[in-house]
Amino acid sequence: MNYKHLIAGCSGDVNSVAHITIDYLELGEVKENRQPKVLLCSRLWWASSARLALAFLRSGCRVSGVCPPSHPLRYVTGLESLHFYANLDPAGSLRNAILASGADLIVPCDDAAVWHLHELHAKYPEMQLLIEYSLGSKESFSIVESRAEMLKSAAEMGIRAPLTQTVISEADLNSWCLDGPAVIKLDGTWGGAGVAIVDSRAKAIAEFRRLSGPVRSGVAWKRWLINRHPRALMSWRRRREKGLTIQQFIPGRPANTICACWHGEVLATVTVEVLASQGPTGAAIVVRLLKNEEIDRATRLLARELMFNGFFGLDFILEEKTGDAYLIELNPRATQLGHLRLPGQGDLAAALIARINGESPEIPEDCIENPIIALFPQTLNWDPDSVYLSSGHHDIPVEEQALCQELLRESWPDRRWLSRAYQYLRMSKREKMAKWS
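Since the structure is predicted, the reported quantities are computational estimates derived from the model, not experimental observations.

## A few points about the overall build of the chain
Here comes step 1: If you tally the helices and strands in the chain, you get 18 helices and 15 strands.
Here comes step 2: Going through the 437 residues of the chain one by one, you find that 52% of them count as buried.
Here comes step 3: In the chain, the proportion of contacts linking residues at least 24 apart, taken out of those at least 6 apart, comes to 65%.
Here comes step 4: As presented, the chain carries roughly 20,400 Å² of accessible surface, and 50% of it is formed by carbon and sulfur atoms.

Written as C-alpha cells, this is what we have:
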C-alpha cells in the first residue's frame, strides 16, 4: 500500500487536519532526522499511559498527551503538550488534541480511546490515514470491537480458544448446552467490568438481564458525576448496543502478552503469567515473565491477519491440566506491560520507534533481571502486604518522584468531594463511628 501524499494543503487552521504535515513516503516510513511526535490518549486514570510516555521519551520522541484532569500523564516530566479529554464531547476533544499536537503517531492507552478513534475514523475521512497508520487496517476495527468476531477469526486461524456464542436473547442461553461454569461478557467494557462467571442457567439469565438492560438513571448519573465513567450516560439513555457473549470457562492460570507491531509484523513482545490480580476477572498486579510458543504463534497470526500497527494485547488462560493456552480476549491498545525493559529487547516503545525510523533498537543495560515483577502502584494499592514486593522486582519509576506520589494516591474521581460524600453516606452507622473515633 503506497501513500505518496497522505495529507496535503497545509494551513494553520486548527479546525482542519491540513497542518498535520506527515512526511511519509510510504506507510511506515518517517522522514530521516526527525523526532516522531507521539500522542498518548487516555480517557481513564490508569498508570500505564504515564509509564509508556516515559518509555517514548527515552526513545527520543516528542510526546504529548490527551487526558482528563489530574491524570497520571500530567505528572510526567518532559511532555511537549497536554490536552483536555472532555467528558461531554470526548471524541471531539480527542480530534482537537490530534490537530493541535501535530501527531505523527497516536497511541490509545485504554479501550475508550480506541472506540473514540474508530468514531473519528468513520466521521472524518481526512483523518483516516493517520488513524490507520497508528492502529492498522480499518478492516480490523469491527473485529476488535466484538469479542465473538475476534474469537471466531482466531479459531479460523487455528488459534486455540474456548467455545463462545453470541447472546441476543434469553432463548440463546437455553441453547447453550455446555455443562459446567461459563463466562458472560459485554463488548465495549474493560478492566474486568462487564464480565460475570456463572455456574447455572438461572444465574446466566440474571446476568444477561443485568448486562443487556439499561442502567437505572440514578446509577448512570452517579457513574458519570462521581466515577467519571466515559460511557455512563449512554447506558442510561438507551439499551446497550454492544454485543453479549457466553464463553466456556477454562480452569487455569491467566497469562497476558503485549505486542509492538508494524504492518502486521511482530517487532517485540512481553509475555507473562499472572501470579496475583485484582479479583478473579480483574487486571494483573504481580506477573512472572513467560516463554510460550503457543502464545507467540497466536500473536504473530493475529498481527499478520489483522494488519495491526502499534500495540495490542492478548489475554489467555493456561489450562490447569494440559498447560494449553486458550485465547480469551484481545485488547486493541497498549496495556500495562508496554514499558517494561527486558534483557535482549528493551521496551516495546523503543522497538516500535526504531522500526518506524528504520533503525535497530538499542538494548539498554538497566533491564529487569528478576522474572517476577510487582507492578507499581497496583500491587501496593491492592495488596500492600504481598510477599512479591520484596522477592520480585518492584517496578517503581524512581526517576519521577511527582508521578510516584500521585500514583500512590486515590485516582482523581475517587478523591473528589462528591465521591467522598457518596462513600460516607453509604457507610453503616458503625463504620461512621469508627471513622471519627
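## Comments concerning the sheet that holds strand 12 (residues 310-319)
Here comes step 1: The 7 strands lie next to each other as 13-12-9-10-11-14-15, forming an open sheet whose pairing is mixed. Looking at the sheet topology across the chains shown, the edges are occupied by strand 13 (325-331) and strand 15 (393-395). Strand-to-strand twist of the sheet, defined as the mean angle between neighbouring strand axes without regard to direction, takes the value 30 degrees.
Here comes step 2: The sheet contact formed by strand 12 and strand 13 spans 6 bridges and is antiparallel. Within strand 13, the position partnered with Leu314 by the bridge is Leu330.

## A closer look at the pattern of salt bridges
Here comes step 1: Inspection of the entire model under this criterion finds 18 salt bridges.
Here comes step 2: One salt bridge in this structure joins Glu294 and Arg160, with 2.8 Å as the shortest N-O distance. With Glu294 in helix 11 (residues 293-306) and Arg160 in the loop between helix 6 (147-156) and strand 5 (164-167), the pair connects residues that are 134 residues apart, well separated along the chain.
Here comes step 3: Here Asp324 and Arg160 are joined by a salt bridge, their closest N and O atoms 3.6 Å apart. Highlighted residues: Asp324 in the loop between strand 12 and strand 13 and Arg160 in the loop between helix 6 and strand 5, separated in sequence by 164 residues.

## Let's talk about helix 1 (residues 48-58)
Here comes step 1: Among the 11 residues in helix 1, 9 count as buried, and that is most of the element.
Here comes step 2: Among the residues making up helix 1, those that are buried are Ser48, Ser49, Ala50, Arg51, Leu52, Ala53, Leu54, Ala55 and Phe56.
Here comes step 3: Positive backbone phi, at 85 degrees, marks Gly60, one or two positions downstream of helix 1.

## With respect to the nonpolar core
Here comes step 1: If you look at the biggest cluster of nonpolar residues, it comprises 46 residues, and the most contacted ones within it are Leu40, Leu52, Phe56, Val107 and Phe311.
Here comes step 2: Ignoring any residue separated from it by four or fewer positions in sequence, one finds Phe56 in contact with Val38, Leu40, Cys61, Val63, Val107, Phe311, Ala349, Leu352 and Ile353.

## Quick word on the sheet that holds strand 5
Here comes step 1: Ordered by their spatial adjacency, 4 strands build an open sheet running 5-8-6-7, and the pairing between neighbours is antiparallel. Each end of this open sheet is capped by a strand with a single partner; those strands are strand 5 and strand 7 (195-198). Pairs of neighbouring strands in the sheet enclose a mean axial angle of 25 degrees, with direction left out of account.
Here comes step 2: Packed onto the sheet, helix 6 meets strand 5, strand 6 (182-186), strand 7 and strand 8 (244-248) and runs at close to 45 degrees relative to strand 8.

## Regarding the confidence of the model for the chain
Any residue range with low pLDDT should be treated as having predicted coordinates unsuitable for detailed reading.
Here comes step 1: For the chain, per-residue confidence averages 83 on the pLDDT scale, and residues scoring 70 or more make up 78% of the total.
Here comes step 2: In this model, residues 235-240 is a region of pLDDT below 50 whose contacts with residues beyond four sequence positions or in other chains number 19 contacts.

## Some thoughts on helix 12 (residues 348-356)
Here comes step 1: Counting buried positions along helix 12 gives 8 out of 9 residues, so the element sits mostly inside the fold.
Here comes step 2: For helix 12, the set of buried residues is Leu348, Ala349, Ala350, Ala351, Leu352, Ile353, Ala354 and Ile356.
Here comes step 3: In this structure Asp347 caps helix 12, since a side-chain oxygen of it lies 3.1 Å from the backbone nitrogen of Ala349.
Here comes step 4: A positive backbone phi angle near 70 degrees is found at Gly358, which sits one or two residues after helix 12.

## Examining the environment of Arg51
Here comes step 1: Mapped onto the elements, Arg51 comes out in helix 1.
Here comes step 2: A relative accessible area of 6% places Arg51 in the buried class.
Here comes step 3: Taking the C-alpha atoms as reference, Arg51 lies 9.7 Å from Ile396; in sequence the two are 345 residues apart.
Here comes step 4: Among the polar contacts made by the side chain of Arg51, one reaches the main-chain carbonyl oxygen of Asp395 at a distance of 3.0 Å.

## Quick look at the packing of helix 1 against helix 12
Here comes step 1: For the pair helix 1 and helix 12, the least separation of the axes is 8 Å and the interaxial angle reads 45 degrees. Between helix 1 and helix 12, the angle is such that the two are oblique. Relative to helix 12, the crossing made by helix 1 is right-handed. Residues Leu52, Ala55 and Phe56 of helix 1 form the contact with helix 12, whose own contacting residues are Ala349, Leu352 and Ile353.

## Examining the packing of aromatic side chains
Here comes step 1: Within this structure, the stated rule accounts for 3 aromatic pairs.
Here comes step 2: Ring centres of Tyr133 and Trp262 lie 5.0 Å apart, and the angle between their planes is 85 degrees; on these two criteria the pair is classed as edge-to-face. Within this pair, whereas Tyr133 is found in helix 4 (residues 128-135), its partner Trp262 is found in strand 9 (residues 252-262), the two being separated by 129 residues in sequence. Accessibility assignment for this pair places Tyr133 and Trp262 in one class, buried.
Here comes step 3: Seen in terms of ring centroids, Phe308 and Phe312 are 4.6 Å apart; in terms of plane orientation they differ by 35 degrees. Their pairing is tilted.
Here comes step 4: Note that Arg43 overlies the ring of Tyr85, its terminal NZ or CZ placed 5.7 Å from the centroid.

## A look at unusual backbone geometry
Here comes step 1: Cis geometry marks the peptide bond from Phe376 to Pro377; its omega dihedral reads 5 degrees.
Here comes step 2: Within the secondary structure, Pro377 sits in the loop between strand 14 (372-375) and helix 13 (378-382).
Here comes step 3: Backbone geometry places Ser70, a non-glycine residue, at a positive phi of 50 degrees.
Here comes step 4: Position of Ser70 among the secondary structure elements: in the loop between strand 2 (62-67) and strand 3 (81-84).
Here comes step 5: Positioned with a positive phi, Met307 is a non-glycine residue whose angle comes to about 50 degrees.
Here comes step 6: Tracing the chain through its elements places Met307 in the loop between helix 11 and strand 12.

Conventions and cut-offs
- Here the residue numbers are simple positions, counted from 1 along each chain's written sequence.
- Per-residue local features of the predicted model are confined to residues with pLDDT of at least 70, and side-chain atom pairs are confined, for both listing and counting, to 80 or more; whole-chain, interface and lining totals are unaffected and use all residues.
- As a convention, hydrogens and water are excluded, and side-chain values are obtained from all of the structure's heavy atoms.
- Runs of H or I in DSSP of at least four residues are treated as helices and runs of E of at least two as strands, each being numbered from the N terminus.
- Here's how the labels work: a residue is buried when its accessible area is under 20% of the maximum for its type, exposed when over 50%, partly exposed in between, all with a 1.4 Å probe on protein chains only.
- By the convention used here, residues are in contact when the closest approach between their heavy atoms is within 4.5 Å.
- Accessible surface is estimated by sampling points in the Shrake-Rupley manner with a 1.4 Å probe; for residues, cover comes only from the protein chains shown.
- Strands pair, by our definition, only if DSSP identifies at least two bridges between them.
- Angular values range over 0 to 180 degrees, each being the angle between N-to-C directions of two axes fitted as lines to C-alpha atoms, with helices fitted over their stretch in contact.
- Put simply, a salt bridge is a Lys or Arg side-chain nitrogen that is within 4 Å of an Asp or Glu carboxyl oxygen.
- As used in this record, nonpolar core signifies buried Ala, Val, Leu, Ile, Met, Phe, Trp, Tyr and Cys residues forming a set joined through side-chain atoms within 4.5 Å.
- pLDDT measures how confident the predictor is about each residue, on a scale from 0 to 100.
- Any pair of N or O atoms that falls within 3.5 Å is considered a polar contact. Within protein, one atom must be able to donate a hydrogen and the other to accept it, and sequence-neighbouring residues count only if both atoms are side-chain atoms.
- Note that the term roughly parallel is reserved for angles under 35 degrees, roughly antiparallel for angles over 145, roughly perpendicular for angles of 65 to 115, and oblique for everything else.
- Each crossing is labelled by how the near helix is turned from the far one, with a counterclockwise turn of less than a right angle marking it left-handed and a clockwise turn marking it right-handed.
- Aromatic contacts are taken between Phe, Tyr and Trp rings whose centres are within 6.5 Å, Trp giving its six-membered ring; a plane angle under 30 degrees counts as stacked, one over 60 as edge-to-face, and the others as tilted.
- To sit over a ring, a charge needs its Lys NZ or Arg CZ within 6 Å of the ring centre and within 35 degrees of the ring normal.

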